[in-house]
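Examination of the molecular architecture
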Amino acid sequence: MVSANDKRVLRELAKRVAEIAAHPIQEERRNRWYAHNSLQPGKPMLFCSPEGAWTELLPESTLECEDKLLRGWEWSLRARIYAWEHFHDDQVTDPVFTIGAVTHTTGWGLAPKHIYSDVARGAYRWEAPVKDERDLEKLTYPTTTVDHQATERNLALAHEIFDGILEVRLHNSFWWSLGLIGEWALLRGLEQIMLDMYDNPAFLHRAMRFLMEGRMAWLQSLEDQGLLSLNNGNHYVGSGGFGFTRELPQPDMNGKVRTIDMWGFAEAQEISGVSPAMHEEFVLQYQIPLLERFGLNCYGCCEPLHHKLSIVKKVPRLRRISISPWCDRKIAAEELQNRYIYSWKPNPADIAAVRFDPDRVRAYIRETLEITRGCVVEIILKDTHTCCNEPQRFDMWTRIAREEVDRLE
């Protein structure tokens, strides 16, 4: 039973979200994202995602709801309002409140043991469970099951609170990346993977094929159960950017969403230090069959890809490529031109530094915009895990970025 106070707090926040969503600029932003994702020429798109720094922008102390589930809902509404009021970017606010089905997804049969630091949000290490080839026999494919009763309860509660203010939608999201190598790093250990590439490549190939086949079966299971949701609208896709596109779903979609109706995504951050040839041999060749299932694809996150773009372009229906702070921006611009989305991730150190330097930020953004003239550019400020308790840094950074983008002819 929702308390009167919790319901009042959520409804008032929802009314504010609805007001923001009714602003005419929202439709303008949607249309610009649609054009951007279809590679039409235009000014770069901006998106600010504070990620870990959200705890400094909207700490727990700002929340009023008592119920744990509703506190999560409250935070999501407050974050949407905060972004509108503070960030000078292009994210869209819709008059919609989404919740996901209540599900349980199994692992691979073996799991790493994590050893955490005693510092809040500190580092951790882990003990990888796959010690030798015999342990591979202990692995099992992951499965997902739905708690339909719990899902219906949550949906009913959302309707009770938000009906008449926001449209309530059920929207499922089960993965961020289908990169595989990150999962294998947890099961085998990152250093051991590097040794296996040289000492025991056959075992590594066997393991990566198992993971690929397991994820393939899992995706098919989600599809068969009708659990997939379209991500072709105001949905975060890949490692940055939004999914607005009229190229998805496929014309023959008939009710049930399939992977071919969706954006797909993979990255390979764990093997940033290996050669393009080894990247392709041990990882990319196992990612491609998964990405082949999707209608459009994104690739990359924090890893530098400028020297690997020739192999990355083998990804089917590739549309968005991450250009991280560790990429050579000029090489990437020459390689991508206007044929792919140049998803630029500025260095988050400018937000996290002891002293915020607006002049440095402006020069950095201006230089990048000059380098990328002729490209289809989006600027995605992310991986910002602290702002030194100065939330206004995000306001200033995005204002500078907006000014620099608007300077372009």
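Below, the structure is looked at part by part. (Residues numbered from 1 in each chain as written. Predicted model: local features only at pLDDT ≥ 70, side-chain atom pairs only at ≥ 80, totals over all residues. Heavy atoms only, no water.)

Examining the overall build of the protein chain
Scanning the protein chain for helices and strands turns up 14 helices and 12 strands. Relative to the compact-globule value of 22 Å for 409 residues, the protein chain shows a C-alpha radius of gyration of 22 Å, a close match. For the protein chain, the spread of C-alpha atoms along the three principal axes comes to 60 × 55 × 55 Å. Across the 409 residues of the protein chain, 51% fall into the buried class. Of the contacts formed within the protein chain by residues at least 6 apart in sequence, a portion of 75% connects residues at least 24 apart. Accessible area of the protein chain: about 18800 Å², with a carbon and sulfur share of 51%. Mean positive and mean negative side-chain charge positions of the protein chain (49 and 59 charges, respectively) differ by 2 Å. (Helix = DSSP H or I, 4+ residues; strand = E, 2+ residues; numbered from the N terminus. Rg over C-alpha atoms; globule rule 2.2 N^0.38 Å. Buried < 20%, exposed > 50% of the residue type's maximum accessible area, 1.4 Å probe, protein only. Contact = heavy atoms within 4.5 Å. Areas by Shrake-Rupley, 256 points an atom, 1.4 Å probe, with all protein chains shown as cover. Lys, Arg positive; Asp, Glu negative; His and termini not counted. Charge placed at Lys NZ, Arg CZ, Asp CG, Glu CD.)

Observations concerning the sheet that holds strand β8 (residues 263-266)
Taken together, the 6 strands give an open sheet; going across it, the order is β1-β12-β11-β10-β9-β8, and neighbouring strands pair in parallel fashion. The open sheet terminates on both sides in strands that have one partner only, identified here as β1 (45-48) and β8. Mean inter-strand twist for the sheet, computed between neighbouring axes without regard to direction, equals 20°. Bridge count between strand β9 (residues 296-299) and strand β10 (residues 318-323): 3 bridges; the pairing is parallel. Bridge pairing links Asn297 to Leu318 in β10. (Pairing = 2+ DSSP bridges. Axes fitted to C-alpha atoms, helices over the stretch in contact; angles between N-to-C directions.)

Focus on empty space enclosed by the protein
Applying the stated rule across the entire model yields 1 cavity of 30 Å³ or more. Volume-wise, the largest cavity comes out at about 40 Å³. Together, Leu46, Phe47, Cys48, Asp89, Ile379, Leu381, Trp397, Thr398 and Ala401 line the largest cavity. (1 Å grid on protein atoms, 1.4 Å probe; cavity = no way out; pocket = protein on both sides within 12 Å on 5 of 7 lines; lining within 4 Å. Points joined across faces, edges and corners; volume = space filled by probe spheres on them.)

Some remarks on the side chain of Asn37
Looking at the secondary structure, you find Asn37 in helix α2 (residues 25-37). For Asn37, a relative accessible area of 0% gives the class buried. Here Phe242 takes part through its backbone oxygen, which lies 2.8 Å from a polar atom of the side chain of Asn37. In contact with Asn37, other than residues within four places in its own chain, are Phe242, Gly243, Phe244, Glu247, Trp263, Arg319, Arg320 and Ile341. (Polar contact = N/O pair within 3.5 Å; in protein donor to acceptor, adjacent residues only side chain to side chain.)

Digging into unusual backbone geometry
Here the amide bond leading from Leu248 into Pro249 is cis, since omega sits at 0°, within 30 degrees of zero. In this structure, Pro249 sits in the loop between α8 (201-224) and β8. One non-glycine residue, Gln337, adopts positive backbone phi at about 45°. Among the secondary structure elements, Gln337 is positioned in the loop between α11 (329-336) and β11 (341-344).

A look at the pattern of salt bridges
Applying the stated rule across the entire model yields 40 salt bridges. With its nearest N and O atoms 2.7 Å apart, the salt bridge here joins Glu378 to Arg320. Here Glu378, found in strand β12 (residues 376-381), pairs with Arg320, found in strand β10; they are 58 residues apart in sequence, far enough to count as distant. For the residue pair Glu378 and Arg320, the accessibility class agrees, reading buried in each case. Glu404 is paired through a salt bridge with Arg366; the nearest N and O atoms lie 2.7 Å apart. Here Glu404, found in helix α14 (residues 392-407), pairs with Arg366, found in helix α13 (residues 358-371); they are 38 residues apart in sequence, far enough to count as distant. Of the residues examined, Arg366 reaches a relative accessible area of 33% and is grouped as partly exposed. Look at the salt bridges and you will find they share partners, linking Arg362, Arg366, Glu403, Glu404 and Arg407 into a network. (Salt bridge = Lys/Arg side-chain N within 4 Å of Asp/Glu carboxyl O.)

Some points on the environment of Glu127
Position of Glu127 relative to the elements: it lies in strand β5 (residues 124-127). The spacing of Glu127 and Asp163 is 36 residues in sequence and 47 Å in space, taken between C-alpha atoms.

Structural notes on the environment of Asp328
Residue placement: Asp328 occurs in the loop between β10 and α11. We classify Asp328 as partly exposed; its relative accessible area is 32%. For the pair Asp328 and Leu305, spaced 23 residues apart in the sequence, the C-alpha separation amounts to 8.5 Å. Of note is the side chain of Asp328, whose polar atom sits 3.1 Å from the backbone nitrogen of Lys330. Among the polar contacts listed, one links the side chain of Asp328 to the backbone nitrogen of Ile331, at a separation of 3.0 Å.

Quick look at the pairing of β10
Burial within β10 is extensive, with 6 of its 6 residues counted as buried. Of the strand pairs in this sheet, β10 and β11 are connected by 4 bridges, and their pairing is parallel. Paired with Ile321 across the strands is Tyr342, a residue of β11. Following the backbone out of β10, through α11 and into the adjacent parallel β11, one traces a crossover that is right-handed. (Right-handed = clockwise from strand over helix to strand, strands pointing away.)

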